[in-house]
Amino acid sequence: ANHKGAIIPSHLAIESAFPNPFNAMTTVQLTVDREQSVELLLTDLLGRTVATVHSGALSPGHHTITLSLSGYPTGTYWLRSSSATLPARRLILLR
């Protein structure tokens, strides 16, 4: 089969968040298979965006993003990509 010019879907994975549950800060590990624009959003349980964690290009490889949620109330949050194909990662903020 000739795949020339075919659009190859990109892969973005939220590998882990540690610690989780966490007090004020957690570290998220991401893997990207090719350079792409990535928007990561932090949402509450109702799906409302409470923060944009990252917005912009990421190069291929592993990336570490540190989240500081010291000003946020205790609760469960979801870290998700604006791409609907990526499963969300549950984050639990405890005080």
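In case you missed it, the structure is sitting above this.
The model shown is predicted, which means the values in this text are computed figures rather than measured ones.

> Describe the nonpolar core, listing the residues and the values that go with them.
Counting 20 residues, the largest nonpolar core has Ile14, Val28, Leu30, Leu40, Leu42, Leu79 and Leu91 as its most contacted members. Mapped onto this core, the elements with two or more residues apiece are strand S1 (12-18), strand S2 (25-32), strand S3 (36-43), strand S4 (49-58), strand S5 (61-68), strand S6 (75-81) and strand S7 (89-93). Leaving out residues up to four positions away in the same chain, leucine 30 has contacts with Ala13, Ile14, Glu15, Leu40, Leu58, Gly61, His62, His63 and Ile65.

> Describe in detail unusual backbone geometry, supporting the description with residues and values.
A cis amide bond, omega -10°, links phenylalanine 18 with the succeeding residue proline 19. With respect to the element layout, proline 19 can be found in the loop between S1 and S2. In this structure, proline 21 follows asparagine 20 across a cis peptide bond, with omega equal to 10°. Along the chain, proline 21 turns up in the loop between S1 and S2.

> So what's going on with the sheet that holds S7? Which residues, and what values?
Ordered in space as S4-S3-S6-S7, the four strands form an open sheet in which the pairing is antiparallel. For this open sheet the edge positions go to S4 and S7, each flanked by a neighbour on one side alone. Sheet twist, expressed as the mean angle between neighbouring strand axes with direction ignored, is 20°.

> An account of the environment of alanine 88 is needed here, citing residue identities and associated values.
Its place among the elements puts alanine 88 in the loop between S6 and S7. Excluding residues that lie within four positions of it along the chain, alanine 88 makes contacts with Trp78, Leu79 and Arg80.

Parameters at a glance
- Residues numbered from 1 in each chain as written.
- Predicted model: local features only at pLDDT ≥ 70, side-chain atom pairs only at ≥ 80, totals over all residues.
- Heavy atoms only, no water.
- Core = buried A, V, L, I, M, F, W, Y, C linked by side-chain atoms within 4.5 Å.
- Buried < 20%, exposed > 50% of the residue type's maximum accessible area, 1.4 Å probe, protein only.
- Helix = DSSP H or I, 4+ residues; strand = E, 2+ residues; numbered from the N terminus.
- Contact = heavy atoms within 4.5 Å.
- Pairing = 2+ DSSP bridges.
- Axes fitted to C-alpha atoms, helices over the stretch in contact; angles between N-to-C directions.

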